[in-house]
Amino acid sequence: MIDRIAELLGEESQLLDYACTGIERQRLHLPGSDFIDRVLLPSDRSPTTLRNLGLLFNTGRLAGTGYLSILPVDQGVEHSGGASFAPNPDYFDPEKIVELAIEGGCNGVASTAGVLGAVARKYAHRIPFILKINHNELLTYPNMFDQALFSSVERAFDMGAVGIGATIYFGSLESHRQIVEIAPLFQRAHELGMFTVLWCYLRNPAFKGDRDYHASADLTGQANHLGVTLQADIIKQKQPECNGGYTAIEFGKTHKRIYGDLVPDHPIEWTRYQVANCYMGRAGLINSGGASKGTDDLAQAVRTAVINKRAGGTGLISGRKAFQKPMKQGVELLNAIQDVYLCPEVTIA
């Protein structure tokens, strides 16, 4: 297994040997088979919420490892049905989405109220459902980069979902309203025994300068920190591609150690800083798989998984790279991601 992972990494196979020098692994609450008892049990989460998290962590090929592989398909709203499903029209059918998650050995499937509701009676007892309750619909012209509620916590509970998901666009002018909107919904989800997943994305035109700082370690790390403050049980975040957003944009508050000894200039160190902002791993960090770019999707997905695991993250949430292909290829890609987390030779850096 490790030979195949190294082959897919190619010239970046040194990612398997890198040793972190910034935030030491000993400071982290790392994933493991006992993660719920070791890390989450002391929290204020109810027994029902812990049970539903246990169901998520104990489904699919990664069951019992403490790692997660989730299939997210909300792009029909977020990007348009045509842009998302034209590469493989089968996935206009919600049942195909859930089938891919099951055949691909995922821990759970995250999607819209329409998708999950269409097949809830057939599948909610077979794979954990995570209902995404808000979306950025792009039919409004000119486009507005904002999240609107499409469903409710009660709707998720009634259809048998074990968790809810939401997005906040931190850094946007609308973020204050979104925080006020989502905070009580996360509280209500916990009251009903469901866990919470927060897409902690950044949106602000000023975050694009000489490079796209929407993916900088310092800014995404702070978005994560706001997400866990809202009591998200799992944080979804784009994997960092750089650092130095605060200093390039010249705003906010930061510290020089974030650009030196605490966060050295390396992708595993950048992602570890994201984990550190998730209360040192008390909330699991799952990185997004990103857009489908063609023939190198498999290699890119494995690279993202290696960096996430070695940084101390909890897994990947990969959608377009999987569902914009024939199902067999989608399953192979999901399995390749999972193999990284199943491979004992891929260690915590």
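Residues numbered from 1 in each chain as written. Predicted model: local features only at pLDDT ≥ 70, side-chain atom pairs only at ≥ 80, totals over all residues. Heavy atoms only, no water.

- The name given to the protein in an unreviewed UniProt entry is fructose-bisphosphate aldolase, and the organism recorded there is Syntrophotalea carbinolica.
- Under the UniProt heading Sequence similarities (unreviewed entry), the entry covering the protein gives this text: "Belongs to the DeoC/FbaB aldolase family. FbaB subfamily." (UniProt positions renumbered as here; feature names shortened; annotations may be inferred.)

## Describing the side chain of Lys 309
Here is step 1: With respect to the secondary-structure elements, Lys 309 resides in helix H13 (residues 297-311).
Here is step 2: The buried charged residue Lys 309 lacks any salt bridge partner; its closest oppositely charged side chain belongs to Glu 345, at an N-O distance of 7.8 Å. (Helix = DSSP H or I, 4+ residues; strand = E, 2+ residues; numbered from the N terminus. Buried < 20%, exposed > 50% of the residue type's maximum accessible area, 1.4 Å probe, protein only. Lys, Arg positive; Asp, Glu negative; His and termini not counted. Salt bridge = Lys/Arg side-chain N within 4 Å of Asp/Glu carboxyl O.)

## Notes on helix H5 (residues 94-103)
Here is step 1: If you check which residues of H5 are buried, you get Pro 94, Ile 97, Val 98, Leu 100 and Ala 101. Down the axis of H5, the buried set is contained in an arc of 155 degrees. They therefore lie on one face.
Here is step 2: Among the residues of H5, the N-terminal cap falls to Asp 93, whose side-chain oxygen and the backbone nitrogen of Glu 95 are separated by 3.0 Å.
Here is step 3: Looking one or two places after H5, you find Gly 105, whose phi comes out positive at around 70 degrees. (Arc of directions from axis to C-beta. Polar contact = N/O pair within 3.5 Å; in protein donor to acceptor, adjacent residues only side chain to side chain.)

## Description of the nonpolar core
Here is step 1: By size, the foremost hydrophobic cluster in this structure holds 90 residues, and its most contacted members are Ile 5, Leu 71, Phe 129 and Leu 198.
Here is step 2: With seven residues, the single largest contributor to this core is helix H15 (residues 327-342).
Here is step 3: When sequence neighbours within four positions are dropped, the list of residues in contact with Leu 71 reads Ile 97, Leu 100, Ala 101, Cys 106, Gly 108, Val 109, Ala 110, Ser 318, Gly 319 and Ala 322.
Here is step 4: Formed by 21 residues, the second largest nonpolar core is a distinct cluster that contains Leu 53, Leu 56, Phe 57 and Tyr 201. (Core = buried A, V, L, I, M, F, W, Y, C linked by side-chain atoms within 4.5 Å. Contact = heavy atoms within 4.5 Å.)

## Structural notes on the packing of aromatic side chains
Here is step 1: Per the counting criterion, the structure on display carries seven aromatic pairs.
Here is step 2: With centroids separated by 5.3 Å and ring planes inclined at 35 degrees, the aromatic side chains of Tyr 246 and Phe 251 adopt a geometry described as tilted.
Here is step 3: Clustering of aromatic rings is evident, with ring pairs tying together Phe 85, Tyr 91, Phe 92 and Phe 323.
Here is step 4: When the ring centre of Tyr 201 is taken as reference, the NZ or CZ atom of Lys 238 above it lies at 5.1 Å. (Phe/Tyr/Trp six-rings, centres within 6.5 Å; stacked < 30°, edge-to-face > 60°. Lys NZ or Arg CZ within 6 Å of the ring centre and 35° of its normal.)

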